[in-house]
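For reference, the chains in residue letters:
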Amino acid sequence: MRRSIMYLLMIAVLVLGACQSNSSSDSQDGNKEEESKDQIKITTTVFPIASFAKQIGGDHVSVNSIYPPGTDIHTFEPSQKDMIEYSKSDLFFYTSDDLDTMTTNITKSIKKDVEVVAVAKDISKENILAHNHDHGHEGHDHATEEKYNHEGHNHGENDPHVWLDPIHSITMAKAIKDELVKHDESNKEEYEENFKELKEELTKIDEKLHTVTESAKHQEVYISHESIGYLADHYGFEQVGVSGLNNEEPTQKDIINVVKKIKKDGAKHILVEQNVSSKTVDMIKEQTKVEPVEFHNLSTLTKEEETEDNITYQSIMQKNIDALKKAMQ
């Protein structure tokens, strides 16, 4: 009899526990759905756009980048599953068709379901850089070699790294703010205030970059691939990339030319980016004794950075300012 009672009690406890567990699980799932419905779901391309959207949108937005951590954006191709996920967004932010030809295929596929916004659309076309990569050949002139891609000028490939210039980033952040206000006017005041704060911080970054570059000893900055063209154009120095805009593999002749230029210029440092292979830079280091300095092109975060709570465009750019200062000493 006692065994029967104990057996019945055990069954009752197990059934009660299962009911409570299911109830808890249902409640958590319900909260997730509620939170998802309340927030504006945003998908972006490069990290700066995601960072600006989070800072301006605050708790009203859920933001995800299409790029996995550490991805080379020049070779990334989304899967069909990725495309379906992008289509679930409320807003899709990218730079523009002129700057991001890869994303054009995505925007064409999802624009029936998603509001697609080119956040760099208000950057003057005369300020969109095109570049002919010369891998450090002697006689390279930044002012004539890296020019504009319109009205009969150089029709080379456009430089996509427009976000590294904080002034251009202000233009993109404003476009994000305007779209959020349009999409959710009830929180307009908050979006406006957040944008104002972000603009002030980006303006301070611009001022610091002017200070660092104007007092530089070396006007040539060596880097693993040509990502700092907009910085060079805005702040008046010369970038020398080991690889070109698309991070293509340099030839042996290209490497020799960079080595010769480093020795001639007396450069002591070379910038190495977070998502670019350092193999070629290591070869150059062996022949010139230049010291690698970490520089973040901000296109994507690393796996380690992805787990950091407070990482922003501004926090990374502060480190980039220090890297540029060192490279130009």
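Remember, it's a predicted structure, so these values are computed and weren't measured experimentally.

1. Overview of the overall build of the protein chain
Scanning the protein chain from N- to C-terminus turns up twelve helices and ten strands. Residues classed as buried in the protein chain amount to 49% of the 329 residues present. When contacts within the protein chain are restricted to residue pairs at least 6 apart in sequence, long-range pairs at least 24 apart make up 68% of them.

2. As for unusual backbone geometry
With phi around 70°, Lys 289 is a residue other than glycine that occupies positive phi space. Checked against the element boundaries, Lys 289 lands in the loop between helix H10 (279–288) and strand E10 (291–295). With relative accessibility at 70%, the residue Lys 289 sits in the exposed group. Of note in the backbone geometry, Leu 298 takes a positive phi value of approximately 65° without being a glycine. Within the secondary structure layout, Leu 298 lies in the loop between E10 and helix H11 (303–306).

3. A few points about the packing of aromatic side chains
Throughout the structure, instances matching the rule amount to four aromatic pairs. Ring centres 6.3 Å apart and planes at 45° place the aromatic pair Phe 92 and Tyr 94 in the tilted group. Given a relative accessible area of 0%, Phe 92 falls into the buried group. Relative accessible area serves as the criterion here: at 6%, Tyr 94 is assigned to the buried category. Following the ring pairs from residue to residue traces out a cluster consisting of Tyr 86, Phe 92 and Tyr 94.

4. Things to note about the side chain of Ser 96
Within the fold, Ser 96 resides in the loop between strand E3 (91–94) and helix H4 (101–110). Ser 96 gets classed as buried once you look at its relative accessible area, which sits at 9%. Not counting residues within four places of it along the chain, the set of residues in contact with Ser 96 comprises Ala 118 and Ala 120.

5. Description of helix H2 (residues 47–57)
Of all the eleven residues making up H2, nine are buried; the element is thus mostly covered by neighbouring parts of the structure. Tucked into the core, H2 has its buried residues touching strand E1 (40–44), strand E2 (61–65), E3, helix H6 (166–183), helix H7 (188–214) and helix H12 (313–327). Looking one or two residues beyond H2, the residue adopting positive phi is Gly 58, at roughly 60°.

6. Let's talk about the packing of H6 against H7
For any two helices packed against each other, one specifies the crossing angle of their axes together with the interaxial distance. Remark: H6 packs on H7, axes separated minimally by 9 Å, with the N-to-C direction vectors making an angle of 175°. Considering the angle they form, H6 stands roughly antiparallel to H7. Here Pro 166, Ile 167, Ser 169, Ile 170, Ala 173, Lys 174, Lys 177, Leu 180 and Val 181 of H6 lie close against H7, whose contacting residues are Lys 188, Tyr 191, Glu 192, Phe 195, Leu 198, Lys 199, Leu 202, Thr 203, Ile 205, Asp 206 and Leu 209. Taken together, the residues of the contact of H6 with H7 sort by class into twelve nonpolar, two polar and six charged.

7. Quick word on the confidence of the model for the protein chain
Put simply, the protein chain has an average pLDDT of 85, and 81% of its residues get 70 or more. In the model, residues 1–35 has pLDDT below 50 throughout and makes zero contacts with residues more than four positions away in sequence or in other chains. Under a pLDDT of 50 for its full length, residues 136–156 has, in the predicted model, 49 contacts with residues more than four places off or in other chains.

8. Structural notes on the pattern of salt bridges
Taken as a whole and assessed by the stated rule, the structure comprises eight salt bridges. Lys 177 serves as the salt-bridge partner of Asp 178, at 2.8 Å between the closest nitrogen and oxygen. Residue Lys 177 is classed as buried on the basis of its relative accessible area, which comes to 6%. Through salt bridges with shared partners, a single network forms among Lys 174, Lys 177, Asp 178 and Glu 192.

9. Things to note about the sheet that holds strand E4 (residues 115–118)
The parallel open sheet is built from four strands, whose spatial order is E2-E1-E3-E4. Edge positions in the sheet fall to E2 and E4, since each has one partner strand and no second. The sheet shows a mean angle of 25° between the axes of neighbouring strands, direction not considered. Pairing analysis gives four bridges linking E3 to E4, with the strands arranged parallel. Within E4, the position partnered with Leu 91 by the bridge is Glu 115.

10. Things to note about the side chain of Ser 89
With respect to the helices and strands, the residue Ser 89 is situated in the loop between helix H3 (80–86) and E3. Taking relative accessible area as the criterion, Ser 89 reaches 4% and is therefore assigned buried. A polar atom in the side chain of Ser 89 sits 2.9 Å from the backbone oxygen of Tyr 86. If sequence neighbours within four positions are ignored, Ser 89 has contacts with Lys 41, Thr 43, Asp 113 and Val 114.

The rules behind each value
Note that residues are indexed from 1 along each chain, following the sequence as it is written. Selection of residues for local features in this predicted model requires a pLDDT of at least 70, selection of side-chain atom pairs for listing and counting requires 80 or more, and totals for whole chains, interfaces and linings are taken over all residues. Side-chain numbers here rest on the full set of heavy atoms in the structure, without hydrogens or water. Secondary structure follows DSSP: runs of H or I at least 4 residues long count as helices, runs of E at least 2 residues long count as strands, and numbering of each begins at the N terminus. Remark: exposure states derive from per-residue accessible area (1.4 Å probe, protein chains only) relative to the maximum for the residue type, with buried under 20%, exposed over 50%, and partly exposed in between. Every residue pair with non-hydrogen atoms within 4.5 Å of one another is taken to be in contact. Put simply, two rings from Phe, Tyr or Trp (the six-membered ring, in Trp's case) pair if the centres are within 6.5 Å, and we call them stacked under 30 degrees between planes, edge-to-face over 60, tilted for the rest. Where helices are involved, their axes are fitted lines through C-alpha atoms of the stretch in contact, as for all axes, and angles between N-to-C directions lie from 0 to 180°. Here the word oblique covers every angle except those under 35 degrees (roughly parallel), over 145 (roughly antiparallel) and from 65 to 115 (roughly perpendicular). Polarity classes work like this: nonpolar for Ala, Val, Leu, Ile, Met, Phe, Trp, Tyr, Cys and Pro, charged for Asp, Glu, Lys and Arg, and polar for all others, with Gly in that last group. Residue-level confidence of the predictor is what pLDDT reports, using numbers from 0 through 100. Definition used for salt bridges: Asp or Glu carboxyl oxygen within 4 Å of a side-chain nitrogen of Lys or Arg. For two strands to be treated as a pair, DSSP must find no fewer than two bridges joining them. What qualifies as a polar contact is a pair of N or O atoms within 3.5 Å, subject to a donor-acceptor requirement within protein and to the restriction that residues adjacent in sequence count only when both atoms come from side chains.

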